[in-house]
Protein chains: 2
Amino acid sequence: MAPSRFDPNFTHHVLDTIGPKCTDRNREVIGSLITHIHDWARETELSVDEWMTGLKFVNSIGQASTPTRNEGHRMCDIIGLESLVDEIAHKLVTEGNMAPTSSSILGPFWSPDAPFRELGGSIIQDPAPGCQPAFFHGKVKDMVTGKGIPNAIFDIWQASANGKYDFQDPENQTPNNLRGKFRTDANGEYYFYALKPTAYSLPTDGPAGVLLKLLDRHPMRPAHIHLMISHDDYIPVTTQIFPKDDPYLATDTVYAVKDDLVIDFTPREGDPKAKLDLEYSVTLARKDYEPAAGEAVLPPTSQTTIGLEPRL
Amino acid sequence: MAPSRFDPNFTHHVLDTIGPKCTDRNREVIGSLITHIHDWARETELSVDEWMTGLKFVNSIGQASTPTRNEGHRMCDIIGLESLVDEIAHKLVTEGNMAPTSSSILGPFWSPDAPFRELGGSIIQDPAPGCQPAFFHGKVKDMVTGKGIPNAIFDIWQASANGKYDFQDPENQTPNNLRGKFRTDANGEYYFYALKPTAYSLPTDGPAGVLLKLLDRHPMRPAHIHLMISHDDYIPVTTQIFPKDDPYLATDTVYAVKDDLVIDFTPREGDPKAKLDLEYSVTLARKDYEPAAGEAVLPPTSQTTIGLEPRL
């Protein structure tokens, strides 16, 4: 707790009212949050009307949320909290040369309902004006051996050329447009058609838009493709990949870009279905991988073991 | 920012995206809040599922709020934030002997619509089973001269014997039951009938109840009467008073009790309208009061100048 000219016992008193049946972890996490909120109020000498403005803002977050709009999730994203939690969950303190593919945030648009599709197929159900189909291919590889991992699940989702996901855009997109799961073949390879992604604005007609405007920040996400790759024997990865020619890479409004996630589309010849090509491979670490001393320390938990519910 | 094993530049990067048109105060207040939230996540190594639980909880706050239920306000109260903001706004660094009546939190039940009533009248429109009427009298006094202040507005509101305020309880209470404004007489005195207040539980069927249960805390507020006293020439005070025999004084779930706000009801003889008596006087400081060196420093702003909107 920071020193201040205010009652030095107030926060202690509030924490002291937590009862004996509170779990140790709830006491730690919620107690720390209460302490930080108190320190914030004291350090900024928060005024009554600033506080009232803030509490109305908090109420507005839930009131703007619907079954297809999770404004609480979006608010966490624009203050960097989801990216930070992702870093904490997947921190690799690595001294060695090996590392699995970096993770990035899930975002609010993943769906548990995406269908399995055939290798060589397409996730483009509803081609939009101006969309740029691309042949997307690569391998899911073992971090240690470099060999392909057969039967891994490669789950992909992306926005359409208008910057909207299927359930934000029912007038133009059928359910599961630009979503799909693929199983890698005997060589650990996957290949299918998707779109070169398009940069888009977060919705600005809700509380997130209010906050971005207050902070004089743009609402743009760089173009990206969402990926979630899993296999029973490997630590799964949820990530995003970003075309290197995007102007918003350095100022992504949700702070999800990492250097090794920047990719390059190249021209593709002789394919009537796509004029662009993307080769991108993913590296996974086995769940039973034991790092040598000073080497990679793998994240303790697997992201896909939790109950993900991006829809409210 | 606290040191940690995580990316030391992440929070700086988020703060650096705040644009040049952001006001200095918004940059300070919102930037500090973002920093504290990041530090909290790093210090507790917040997990993905804890974060997801939290964001659903934030959404639930607004979703549980209605025109007569402000769950965001209640949430601030049970973590002590409203009491802390009240302390910050009204801090008196006093070395002298004089001080105005202490403030306490407004709470979510004040109404701008309370009617003016005649001195000697009653705020009890709908007597409830078990209620204990009391004759409430006293003086609004100048902090320096000790003289009564005529024509001050004495605004009072309280819960009924069932622990509910009028707009929480339309089946038993008519609008403005147990609310009223009085003007002090030529001597600065007020007198009317009200109830000895009753301890009550905050509503526990919403997010505040979830949090209190997680923290193993009781939901009880000690019995109290809300007061808001104002006069054009004086710094107004919003406060609460608490009967000294209440068992929840030390563990008020919104942390609003201060020593000088604890009062004593005494028996009253020969009044068919009330068997209890409460004498309680209020001290106000003039807006133009200039403290001597080392003496009371008065709060810079007046609480009633802001737009109070306890109803959403």
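Residues numbered from 1 in each chain as written. Chains lettered and ligands numbered in written order. Predicted model: local features only at pLDDT ≥ 70, side-chain atom pairs only at ≥ 80, totals over all residues. Heavy atoms only, no water.

**Side note on the relation of the copies chain B and chain A**
Counted only if it meets this: Copy-to-copy alignment: least squares on C-alpha atoms, limited to residues at pLDDT 70 or above in both. Residues are treated as being in contact if the distance between any of their heavy atoms lies within 4.5 Å.
The transform that puts chain B on chain A rotates by 180 degrees and translates by 0.0 Å along the axis, for an RMSD of 0.1 Å. Taken together, the rotation and translation relating the two chain copies correspond to the operation of a two-fold axis. For chain B, the residue whose C-alpha comes nearest the rotation axis is Gly-62 of chain B, separated from it by 2.1 Å. Taken together, the interface assignments show that 100% of the residues at the interface of chain B recur at the interface of chain A, consistent with an identical surface on both copies.

**Overview of the packing of aromatic side chains**
Note the following rule: Pairing of aromatic side chains requires ring centres within 6.5 Å, counting the rings of Phe and Tyr and the six-membered ring of Trp. Pairs whose planes differ by under 30 degrees are stacked, by over 60 edge-to-face, and all others tilted. Put simply, DSSP marks the helices as runs of H or I at least four residues long and the strands as runs of E at least two long, and each gets a number from the N terminus on. Residue exposure (1.4 Å probe, protein chains only): buried if accessible area is under 20% of the type maximum, exposed if over 50%, otherwise partly exposed. Counting as a charge over the ring demands two things of the Lys NZ or Arg CZ atom: a distance within 6 Å of the ring centre and an angle within 35 degrees of the ring normal.
Tallied over the entire structure, the rule returns 24 aromatic pairs over all chains. Where Phe-109 of chain B meets Tyr-165 of chain B, the ring centres are 4.3 Å apart and the plane angle is 15 degrees; that geometry is what we call stacked. Placement of Phe-109 of chain B in the loop between α5 (81-90) and β1 (133-142) and of Tyr-165 of chain B in the loop between β2 (153-157) and β3 (179-183) is noted, with a sequence separation of 56 residues between them. Plain terms: the ring middles of Tyr-165 of chain B and Tyr-200 of chain B are 5.8 Å apart, the flat faces sit at 90 degrees to each other, and that makes the pair edge-to-face. Of this pair, Tyr-165 of chain B sits in the loop between β2 and β3 while Tyr-200 of chain B sits in strand β5 (residues 200-201); the two residues are 35 residues apart in sequence, bridging distant segments of the chain. Judged by relative accessible area, which is 1%, Tyr-165 of chain B ranks as buried. Here Arg-286 of chain A stacks its cationic end above the ring of Tyr-234 of chain A, 5.4 Å away from the centre of that ring.

**Some thoughts on the interface of chain B and chain A**
What counts, and what does not: Buried area: the accessible surface (1.4 Å probe) lost by two parts on joining, summed over both. Any Lys or Arg side-chain nitrogen located within 4 Å of an Asp or Glu carboxyl oxygen qualifies as a salt bridge. Polar contact criterion, stated in full: a pair of N or O atoms within 3.5 Å, where within protein one must be able to donate a hydrogen and the other to accept it, and residues adjacent in sequence count only if both atoms are side-chain atoms. Under this grouping Gly is polar, as are all residues other than the nonpolar Ala, Val, Leu, Ile, Met, Phe, Trp, Tyr, Cys and Pro and the charged Asp, Glu, Lys and Arg.
Each partner contributes residues to the interface: chain B has 75 residues there, and chain A has 75 residues. Taken together, the two surfaces of chain B and chain A that pack against each other cover about 7,000 Å², and 69% of this comes from carbon and sulfur. Considering only the surface of chain B that becomes buried against chain A, Trp-40, Trp-51 and Ile-88 of chain B emerge as the three largest contributors, covering 9% of it. Between the two partners, chain B and chain A, sit 2 salt bridges. We note a salt bridge from Arg-25 of chain A to Glu-50 of chain B, for which the minimum N-O separation is 2.7 Å. The tally of links between chain B and chain A comes to 31 residue pairs in polar contact (both at pLDDT 80 or more). Every element with two or more residues in the side of chain B that touches chain A is listed here: α1 (10-16), α2 (24-44), α3 (48-64), α4 (71-78), α5 and α6 (207-214) of chain B. Per element, the largest residue contribution to the side of chain B that touches chain A is 17 residues, and it comes from α2 of chain B. Across the side of chain B that touches chain A, the residue classes break down as 37 nonpolar, 18 polar and 20 charged.

**Some remarks on the environment of Leu-214 of chain B**
Topologically, Leu-214 of chain B is positioned in helix α6. Using a relative accessible area of 36% as the deciding quantity, one classes Leu-214 of chain B as partly exposed. Dropping the residues within four chain positions of it, Leu-214 of chain B is found in contact with Cys-22, Asn-26 and Ile-30 of chain A.

**Things to note about the pairing of strand β2 (residues 153-157) of chain A**
Residues and elements named next belong to chain A. Defined as follows: Strands are labelled as partners when DSSP assigns at least two bridges between them.
Taking burial as the measure, the 5 residues of β2 include 4 buried ones, the bulk of the element. Sheet topology places β2 next to strand β3 (residues 179-183); 5 bridges connect them, and they run antiparallel. Each bridged residue has a counterpart across the sheet, and for Ile-153 the counterpart in β3 is Arg-183. The pairing of β2 with strand β7 (residues 225-231) spans 5 bridges and is classified as antiparallel. Residue Asp-155 lies in a different strand from β7, and its bridge partner there is Met-228.

**Brief notes about the pairing of strand β11 (residues 276-279) of chain B**
All names here are of chain B. Across 4 bridges, the pairing between β1 and β11 is parallel. Within the sheet, the bridge partner assigned to His-137 lies in β11 and is Glu-279. Where strand β10 (residues 266-267) and β11 come together, 2 bridges link them in antiparallel fashion. Note that in β11 the partner of Thr-266 across the bridge is Asp-277.

**Some details on the sheet that holds strand β9 (residues 262-263) of chain B**
The 5 strands are arranged β3-β2-β7-β8-β9 (chain B) in an open sheet whose pairing can be described as mixed. Every interior strand has two partners, whereas the edge strands, β3 and β9 of chain B, have only one.

**Quick word on the pattern of salt bridges**
Side chains that carry opposite charge are capable of pairing whenever their charged atoms lie near each other. Residue and element names in this part refer to chain B. Scanning all chains against the criterion turns up 28 salt bridges over all chains. Put simply, Arg-69 and Asp-205 hold a salt bridge, and the shortest N to O gap is 3.0 Å. Of this pair, Arg-69 sits in the loop between α3 and α4 while Asp-205 is found in the loop between β5 and α6, placing the two residues 136 residues apart along the sequence. For Arg-69, a relative accessible area of 18% translates into the label buried.

**Section: the side chain of His-38 of chain A**
Within the fold, His-38 of chain A resides in helix α2 (residues 24-44). Owing to a relative accessible area of 0%, His-38 of chain A belongs among the buried residues under this scheme. With residues up to four places along the chain from it excluded, the contact list for His-38 of chain A reads Phe-10, Thr-11 and Val-14 of chain A together with Ile-79, Gly-80, Leu-81 and Leu-84 of chain B.

By themselves, these figures tell us nothing about what the structure is for.
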